[in-house]
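Working through the structure, step by step
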Amino acid sequence: MALGDYVISQQGCEAGMMAVGQIGSHSSMSSVPSYLEDSGRRGPVEDAEAAQGSGREGGGGGSIPYLPQNVYLCDLRHDACEASASSGPAESGLVSKWRMKDRMKTGCVALVLCLNIGVDPPDVIKISPCARMECWIDPFSMSAQKALDAIGKNLQQQYERWQPRARYKLQLDPTVEEVKKLCSHCRKSAKSERVLFHYNGHGVPKPTVNGEIWLFNKSYTQYIPLSVYELESWLGTPSIYVFDCSAAGMIVNAFCERPEWGSSGSAAPAMRDCILLAACGVNESLPQNAELPADVFTSCLTTPIKIALRWFCPRSLLRDSLDPDLIDKIPGRQNDRKTPLGELNWIFTAITDTIAWNVLPRELFQRLFRQDLLVASLFRNFLLAERMMRAANCTPQSYPRLPPTHQHPMWHAWDMAAEICLAQLPALLNDPSAEFQTSPFFTEQLTAFEVWLDHGSEKKKPPEQLPIVLQVLLSQSHRFRALVLLGRFLDMGAWAVDLALSVGIFPYVLKLLQTTDTGLRQILVFIWTKILALDKSCQVDLVKDGGHQYFIKFLDSPDVYAEQRAMAAFVLAVIVDSHRRGQEACVQAGLISICLRHIQNSSNAEVQPEPLLLQWLCLCLGKLWDGFPEAQLLGFQENAPTILSQLLTEPQPEVRASATYGLGTLIDVGNESFGEGSSLEDEDEDEDRCRAEQEIAKNLLKVLRDGSPLVRAELAIGLSHLAVGHNKSLKSMAAAYLKPPSNSVLTSIPVLTSIRSPAGSYGHATQMGIPGSINHNSGLRAGSEGALAPREIHSNTGSPALPLSGATHGSPLSDGLSYVSEESRVLGNGSTSNGMCRARKTRAEESGVYVQCVAAMYALGRDPSPGVASLGQQILRSIGVEPVVINHLRSAGGAGHHRNASIGANPPTLTGLSRSFSWIDSPSGKFNLTFRTPPASPPTGQSLLSGNGMRRVCSLEFSPHMQRSTDEGLADRALVGAGTTTLSEPTMVPVSSLYSWSCGHFSRPLLEPSLEDDEEAATRRADRERFALDGISKCQHSTVTKVSDQIASWDTGSENSIRATLLHPFIPIVFAVDENEMIRIWDYEEGMLINVFGNHNCADKGVSRLCLLNELDDSLLLVASTDGSVRVWKDYTQWNKQRLATAWQSVQGHRSGAGSIHAVVDWQQITGFLYASGDVSPIMVWDLNQELVASSILSLSESSISALSASQVQSQHISAGFDDGSVRIYDIRSRDRVCATSLHKQRVVAVDFLPGMDALKIVSASQSGDIKFLDSRNTSAPYLAVDAHKGSLSAMAVHRHAPYVASGSSKQYIRVFNINGELLSTVRYHNSFLGQRIGPISCLHFHPYRVHLAAGATDSNVSIYSGDNTHSR
C-alpha cells in the first residue's frame, strides 16, 4: 500500500492521528460548549449528559452512575520540566554524524606496472598452463613492449570507469628515481586530495619482510628494492595503495608496524589517511588458475562484473550450455539500469553495499563507502575479490582491516541474479528484438524489507535491506514502493532516521525534489519531515538546491490534506530557522502571503480547522520574519497582526501559543535610533512601525489570562521583544508605575481624568486580569527622581479608558494608578529614543499601552508557573525593575500611601537585597516578592553604606539560609530557552522553546503509534472501573451504623495546621497539605511517608482545595491556593520526583479594597470544568481541555462566595455558599440561577450535592453549626435541618455515593449523620492512653468508593475513620 494512501487512511480514519499527544487531550479536541456558541455542536456538558443517559440505561434505572471516560491535562505539553523539553532538529551531535565532514575525492592516480614481460621472477615457479592475462590482454600475443603499453592503457581505462575526472600517471617497468618523481608529481598535482598508487609486481620478486617492493635499474639487469616507508614519504597523505603481487601482506604488515605510527602524536592522523589493499597474505602466492587472469585481484577491483561472471559460470548450472566467451557480449551499458549489463552492475552495487553495511562498524562504513567515490567502488569490488580469491586459497588483505565477508548470505542473491541474466543471454544475442526479463531481485528485497517493518523494532537487528532500498530509489518502476517503505521505516523513530542517513539516503531524496511526478509529493514531504525533525543542518542543502520551492508549491497546492500541509509548513519552518539565506529565498517565493492566506481560509472554513496546520503556519511565519526586518515589514503590509490575532482564542493551547509566538517575533528588537539627519519619510515610517508594534502588544495582552503556561510563556517572550525595542519608554513607565505618590508632583500636573473600571468596584471576566495576589504592604521602589506617578491622575486627552483598575489585583494598578497625558512631566522633561521609534514625547494613548504592558510584566513576574515567572522577572529587569524582599511586619512609615506604606521618603536598605528573590520564609515573619526600579541618577553619599558602597533598600535581619540562591526547585524548563537573560545582560531577549518543543511531534511515530502503553493503561483503567462500580454498589446499599473506627492516625510533623486532606480512590494513600502549602503523602496501610514537597515558593500561602484529576487513569493532583492560583502535579507518589504539569491563575478579578481573594474551587471530571470564585463577583468556568475560561457565571450577590461544589455524577448544576449565609444553585448550561435562598445566618463553610443522581438536592453547613438540606424545587425552606454543632462547625464532607454527611468542630469532635439527619456516630477527643486524640478539626474528606473518612486537624494530625470493622493500624 502506498505511503501516500497509507498516510491518508491513517490520518483520515483515525481522527487526527498526526496530532495525537500534542494537540488536545484524549477527549474531543474541537468540542465547544453549546452554551458558549449557538452552533448546534454538542459540548462537554451535553457529552456528559449523553454518557450519563447511556450509563443509566446500562445500570438499571440509574443505580450505577456514569464513570467519566475523558482524561485531561495529559498531553505532551503537560510533561513538565525535562520531559516536555523535547529537542528540536539537531544542528550537530548524534544524528548529524551521518554527514561526512571530511568528504574528499581521489584527484590523481599513479599506475606502476613491473611486468618485465618474458622474464619470470626468480622466486616464482609457474605451473603449466598458468594464468597469463593482464588487464584482459595476453602479453604473449604481441611484442613485449606493445603488450606492456596496451596493458598500461587498459589499466588506465579500467580505473577511468570509476573515476573519470582524476589525473592519471603511468609508469611501465620504472626505476626508483622514476617512481619518486611520479609520486612527487602526483602529490603536487593532487594537493590535499587523495592519491591512488597502484602497484603490479608480477614481474619482480615478492616484497621483503622489511616491507620493500622491487623495481628495476635503468638497464633492467637488477631488481632494486624500494622501502614502503620511502614510498609513503614521497606520496604523502591522504592516499590509497593497491598492491597486486604475491606476499602482498608483507607490505600491509610493514605499514602497520611502522614505529612512528604506533606512537601518539601527529602520526596517528597520517595512518588514518592511508588505505591499503593487498592481493594476498604474507605467505601466499597469487593464484595461477588458467581460467582466471594473472591479475585477478586487479580485475576484481576494476572490472568486477566481467570477472565475477567468468568465475561464476563454470560453477553454475549453466556451465555445460553457456559459452564463457558470450559473457563479453552481454548487451547494454553499465550505467544503463534498463539493460542486462546495467542491471547486473546495479544489483552488484546493492549487494556489496548491503554486505558492507551489515558487517562493518558504522564509522568504518562511512569512511570507506561514503567518503570517496573511488574508494567506495574499490572496497565494494574488494569484497568480490575476497570471495573469489579465498576460493583459490588466497586471503586479500586491507588496512583498515575488514571482517570476513566471503560467506555472507547476500552472495547467494548475487548468484541467482547472475544466473537469471546468463540464462537469457543466448536468446538476447540471437534475437536483438527479444525482451529482457528483469531480475526479481529488488522486488523480493523490498518484500523482505516490508516483512521486517511489520515485525521489527529498535530492539531488534536493523533491516539488512536498507542499502538496497537506497539503490531502488534510482529506479522509476520501484521508486514509489521504496519511498513508501522508507517512510514507514523513518517513522519508527530517531534511530531509524539516523540509520537511513548513515546508509546514504540524503543525496537521493534531495535529488528527488527535482522530479515533477505529483504522485511522489506526499511521500517526499513525509520523508523530509522525518529527516528535518532530527537534523536541522539539511536546511543549507535544501536552499542551495532550491528545494524550498518544492515545499512552498506543495503547501499552496489544492486538494492536499491539512496534516500534510502542516508537514510542509514544518519543513519550511526548519529551512528558515536562523538561516538568513533560507529566509530570503522563502520571502522571495511569497511564503508570507501563502501562510497568511491559509490561516484565513482555515479560520473562515465551516469545519473545525486542523490545529496542527494552524500551529505550524504560525511557527513558520514566526521563524520567517524573526530577526529579519524586511520580512517583518512585509508581514505588516499583509495585515499579519490582525490575521494572527484571530487565532488567540483557538481552543488548542498549542495554536494560541504559536500565534503568540508569531506576533511576538514581529516586534523588531533592533535598537536603531534615528538622528537629526533622518528624513521625514524615515520618521513617518518609524512612527507607523511603532504604532503597529503597540497594536501587537495590545493583542498579545489578550492571552494574559490564558490557562496554559505554554501560551503565557510566549506572551512573556513577546513582551521581552517590546521591552528591548521600546526600552526607554517602558523604563520610564515602569518608574512611574511603581513610584510611590508625591503630593508635590500632584500640584504640578495638569487636570487629568481618572481611569476607572466601567463596571464599578468589581472586575469582570471581560477585563484584563492580572493573576497573583499581592499584599498591599509590599514595598515598591521607583525609578528616577523626576519620574513620579501619582495615585490619581486625570487626563483631558479623551483617549479611551483602560479597564484595568478592577481586574489587576496584585499590581500597582489595582490601587488606581493610571497613565498620564502628553503634557505631564511623569516621564521626565526630555524626549526619549524608543528603539525603532524616533525620539519624541510619549503620547497619552501610547502611555496607556505601556501601562498595560508593565502591568502584564508585573503579573507575569508573579505567575504561578515558575518558568513563566522567571521570564517575567527577566523582562522586569530589562526595564529596570528588580525583585526586592520586603518585611510586612516592619512598616517604615509612609502614612497616606496604602500601596507603599512600607517605604518612606528615604527608605532604609540592606546590602545585596536588590538582587535576591523572595521565595523564602524567615523565622521573623513572611516576606513578599515585590519589585523596584533603581534610580536613574547615581546614589548620593548618604545613600551608601559605610565602607562598601552598596545602595540600601530596606533594613531586615536575615538568617544564613535566606541568603542562598532561591531559584531552584520548580523550574519549568519547557517554557524557557537556553538563552535566558541575566542581570548583566538586561537587553537580551529570552529564547522561546516552543518551536523546538513542537518539532518533537514529528520525531515521534505518526503512522503507527505504539500501543504498548495504551494497552497497559486500558488494563489498569478496566481494573479500576470494576473496583469503582463494585464500591459504588456497596456504598449505595451501605448499612453502616457508625463511622468512628480509627484505622490510621498520622502526625504529619508540620508546624502548621492541616488545611485540606484527600483520600486516593484506588491506592491506600492520603494527601495532607498544611497552611504553608507543604504537601505530604502517606500510605495509611503501611504507615509510611510516600512523598513530601512544597506547592510553591511564593510568599502568599494558603490552600483551599485538593482534587484528583483523571482518578480512573494516571491521576493528577490539583492543588488550589487561596490566592486563586492552581497547580497540577504528576508523579506525586515518587519520592522527590514530582513534576508540575501546569499552573495558572483561576480567579481573575478582585473586589476593590479587599486584602486577598480567598478563592474556592471545585473540579468536575464529567465535563472537564474547573469552577473557581472567591472574593469576586463571577464564578469562573475553566475548560481544562482547552485551558481557557469557558464562561463566567455572575453570582448576583453582594456577598463573596465562601464554598463551591460541583456534582461528580451529574453535570448540569453547581452550588455555591456565601459569606452572608445564602446558598445558590446555578445551571451551567444556561448560566442562570436555579434558586437562591438564605439558609444560614453566618458564613457558609461548605456546600455539596447529596449522594445519588438527583442534582437538585444539596446540603450546606455554616459556621454557626447548623446543617441544612435543601430541595431546589422548593426553596421556601429547607426540608431538613440539623443542629450539628453550636457555633463551632469548621468543616463538612458529603460522601459521593453513600448516604452519609460528616461535620467537624473546632472543639475537637466529628459527627456523622445519614441523609435523613440521624446521628450515626461521634468521634471525640479522649485523653486516656488508649483513647483517640484528635485536635480541632480543620478539614474532612470521604473516600469516594469506601466508607472511609479522613480528618485533618489544626494540630497537624490526620486521622482516618472507617464505617466497617477494618483492622486498626
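Remember, it's a predicted structure, so these values are computed and weren't measured experimentally.

Parameters at a glance
- Numbers given for residues are sequential positions, taken from 1 along each chain in its written order.
- With the structure being a predicted model, the display of local features is reserved for residues of pLDDT at least 70 and the display and counting of side-chain atom pairs for 80 or more, all residues being used for whole-chain, interface and lining totals.
- Where side-chain values are given, they derive from all heavy atoms of the structure, hydrogens and water being excluded.
- Segments assigned H or I by DSSP are reported as helices when at least four residues long, segments assigned E as strands when at least two residues long, and all are numbered from the N terminus.
- Relative accessibility decides the category of a residue: with a 1.4 Å probe and only protein chains considered, values under 20% of the type maximum give buried, values over 50% give exposed, and everything between is partly exposed.
- Residues are treated as being in contact if the distance between any of their heavy atoms lies within 4.5 Å.
- Residue burial considers only the protein chains on display, and all accessible areas are found by Shrake-Rupley using a 1.4 Å probe.
- Multiplying one less than the number of residues by 1.5 Å gives the expected span of a helix.
- Note on pairing: two strands pair once DSSP finds at least 2 bridges between them.
- An axis is simply a line fitted to the C-alpha atoms; with a helix, the fit covers only the stretch in contact. Between two such axes, the angle follows the N-to-C directions and lies from 0 to 180 degrees.
- Between the rings of Phe, Tyr and Trp (Trp by its six-membered ring), a pair exists once the centres lie within 6.5 Å; its type follows the angle of the planes, with under 30 degrees stacked, over 60 edge-to-face, and the other angles tilted.
- For the handedness criterion, the strands are oriented away from the viewer, and a crossover whose path from the first strand over the helix to the second runs clockwise is classed as right-handed.
- Salt bridges, as used here, are contacts in which a Lys or Arg side-chain nitrogen is within 4 Å of a carboxyl oxygen on Asp or Glu.
- Any N or O atom pair separated by 3.5 Å or less is treated as a polar contact, with the protein-specific requirement of one donor-capable and one acceptor-capable atom, and with residues adjacent in sequence counted only for side-chain atom pairs.
- Buried Ala, Val, Leu, Ile, Met, Phe, Trp, Tyr and Cys residues that are joined via side-chain atoms within 4.5 Å together make up what is termed a nonpolar core.
- Comment on the angle field: the value is read as roughly parallel under 35 degrees, roughly antiparallel over 145, roughly perpendicular from 65 to 115, and oblique elsewhere.
- Should the near helix be turned anticlockwise from the far one by less than a right angle, the crossing is termed left-handed; should it be turned clockwise, right-handed.
- Residues are grouped as follows: nonpolar covers Ala, Val, Leu, Ile, Met, Phe, Trp, Tyr, Cys and Pro; charged covers Asp, Glu, Lys and Arg; every other residue, Gly included, is treated as polar.
- pLDDT is a per-residue confidence score from the predictor, ranging from 0 to 100.

1. Structural notes on the overall build of the protein
Within the protein, the secondary structure is distributed over 37 helices and 41 strands. Counting only residues that meet the buried cut, the protein has 61% of its 1369 residues in that class. Sequence separation of at least 24 residues holds for 69% of the intrachain contacts in the protein that already meet a minimum separation of 6. If you sum the accessible surface of the protein, you get close to 52,700 Å²; carbon and sulfur atoms cover 49% of it.

2. Digging into helix H11 (residues 340-359)
End to end, H11 covers 29 Å across 20 residues, agreeing with the expected 28 Å (1.5 Å per residue, within 8%). Counting buried positions along H11 yields 18 of 20 residues, so the element is predominantly enclosed.

3. Observations regarding the sheet that holds strand S39 (residues 1337-1342)
Across the sheet, which stays open at both edges, the four strands sit in the order S14-S41-S40-S39 with antiparallel pairing between neighbours. The open sheet is flanked by strand S14 (1045-1051) and S39, the only strands paired with a single partner. This sheet shows a mean twist of 20 degrees between the axes of neighbouring strands, independent of strand direction. Here S39 pairs with strand S40 (residues 1348-1353) via five bridges, running antiparallel. Residue pairing for S40: His-1341 is matched across the bridge by Ala-1350.

4. What about the sheet that holds strand S36 (residues 1300-1305)?
A sheet is described by the order of its strands in space; here four strands give the open sequence S35-S36-S37-S38, paired in antiparallel fashion. Looking at strand neighbours, the two that pair on one side only are strand S35 (1289-1294) and strand S38 (1319-1324), the edges of this open sheet. Neighbour to neighbour, the strand axes of the sheet diverge by 15 degrees on average, direction disregarded. Where S35 lies against S36, five bridges are found, and the strand directions are antiparallel. For Leu-1289, the partnering residue across the bridge sits in S36 and is Ser-1305.

5. So, the packing of aromatic side chains
Counting across every chain of the model gives 34 aromatic pairs. For the pair Trp-528 and Phe-551, a centre-to-centre distance of 6.5 Å together with 80 degrees between the ring planes defines the contact as edge-to-face. One end of the pair, Trp-528, is in helix H20 (residues 521-532); the other, Phe-551, is in helix H22 (residues 547-555), and 23 residues separate them in sequence. The structure contains a cluster of three or more aromatic residues connected by ring pairs, namely Phe-297, Trp-357, Phe-365, Phe-369, Phe-379 and Phe-382.

6. Side note on the environment of Ser-219
Mapped onto the elements of the fold, Ser-219 is located in the loop between strand S4 (212-216) and strand S5 (223-227). Considered as a pair, Ser-219 and Thr-175 are 44 residues apart in the sequence and their alpha carbons are 9.4 Å apart.

7. With respect to the pairing of strand S1 (residues 106-113)
Within S1, eight of the eight residues are buried, which leaves it mostly tucked inside the rest of the structure. Of the pairings in the sheet, the one linking S1 to strand S2 (residues 167-172) comprises six bridges and is parallel in character. Directly across from Leu-113, in S2, lies its bridge partner Leu-172. Handedness of the crossover joining S1 and S2 through helix H3 (residues 144-160): right-handed.

8. Some remarks on the pattern of salt bridges
Across all of its chains, the model carries 41 salt bridges by this definition. We note a salt bridge from Arg-1139 to Asp-1131, for which the minimum N-O separation is 2.8 Å.

9. Some remarks on unusual backbone geometry
Going from Ser-128 to Pro-129, the amide bond is cis rather than trans, its omega being -5 degrees. Of the consecutive residues Tyr-399 and Pro-400, the connecting peptide bond is found in the cis state with omega at 5 degrees. As for its position among the elements, Pro-400 is in the loop between strand S8 (397-399) and helix H14 (410-430). Of note in the backbone geometry, Trp-136 takes a positive phi value of approximately 60 degrees without being a glycine.

10. Overview of helix H26 (residues 611-625)
For H26, with 15 residues, the first-to-last C-alpha span of 22 Å sits near the 21 Å given by 1.5 Å per residue. Burial runs high along H26: 15 of the 15 residues are buried. A side-chain oxygen of the first residue of H26 lies 3.3 Å from the backbone nitrogen of Leu-612; this N-cap is Glu-610.

11. Comments concerning the nonpolar core
Core analysis: the largest hydrophobic core is formed by 219 residues, its most contacted members being Trp-414, Phe-489, Trp-528, Phe-551, Trp-616 and Leu-719. Setting aside chain neighbours within four positions, we find Phe-551 in contact with Leu-513, Val-525, Trp-528, Leu-542, Ala-568, Val-571, Leu-572 and Ile-575. Listed in part, the 35 residues of the second largest apolar core include Val-195, Leu-226, Tyr-241 and Phe-255.

12. Brief notes about the environment of Phe-365
Inspection of the secondary structure puts Phe-365 in helix H12 (residues 362-369). Residue classification places Phe-365 among the buried residues on the basis of a relative accessible area of 0%. Sequence separation between Phe-365 and Asp-353 is twelve residues, and the spatial gap between their C-alpha atoms is 9.2 Å.

13. Some remarks on the packing of helix H15 (residues 441-455) against helix H17 (residues 476-490)
Relative orientation of the contacting elements H15 and H17 amounts to 20 degrees, with a least axis distance of 10 Å. When the axis of H15 is compared with that of H17, the two are roughly parallel. Here the hand of the crossing between H15 and H17 comes out left-handed. Counted together, Phe-442, Thr-443, Leu-446, Thr-447, Phe-449, Glu-450, Trp-452, Leu-453 and Asp-454 of H15 and His-478, Arg-481, Ala-482, Leu-485, Leu-486, Arg-488 and Phe-489 of H17 form the full contact between these two elements.

14. Considerations on the packing of helix H10 (residues 304-312) against H11
Two numbers describe how H10 lies on H11: the axes approach to 10 Å, and their chain directions differ by 90 degrees. What the angle tells us is that H10 and H11 run roughly perpendicular. Here Pro-304, Ile-305 and Leu-309 of H10 lie close against H11, whose contacting residues are Leu-341, Leu-344, Asn-345 and Phe-348. Split by residue class, the contact of H10 with H11 holds six nonpolar, one polar and no charged.

15. A few points about the environment of Ala-697
As for its placement among the helices and strands, Ala-697 is situated in helix H30 (residues 680-700). Residues within four places of Ala-697 in sequence aside, it is in contact with Leu-722, Val-849 and Cys-853.

16. A short note on the confidence of the model for the protein
Looking at the protein, the pLDDT average stands at 78 and 74% of residues meet or exceed 70. Here residues 80-86 is modelled with pLDDT under 50, and outside its nearest four sequence neighbours on either side it reaches 21 contacts, counting other chains as well. Here residues 743-842 scores under 50 on pLDDT; set against residues more than four positions off or in separate chains, the count is 284 contacts.

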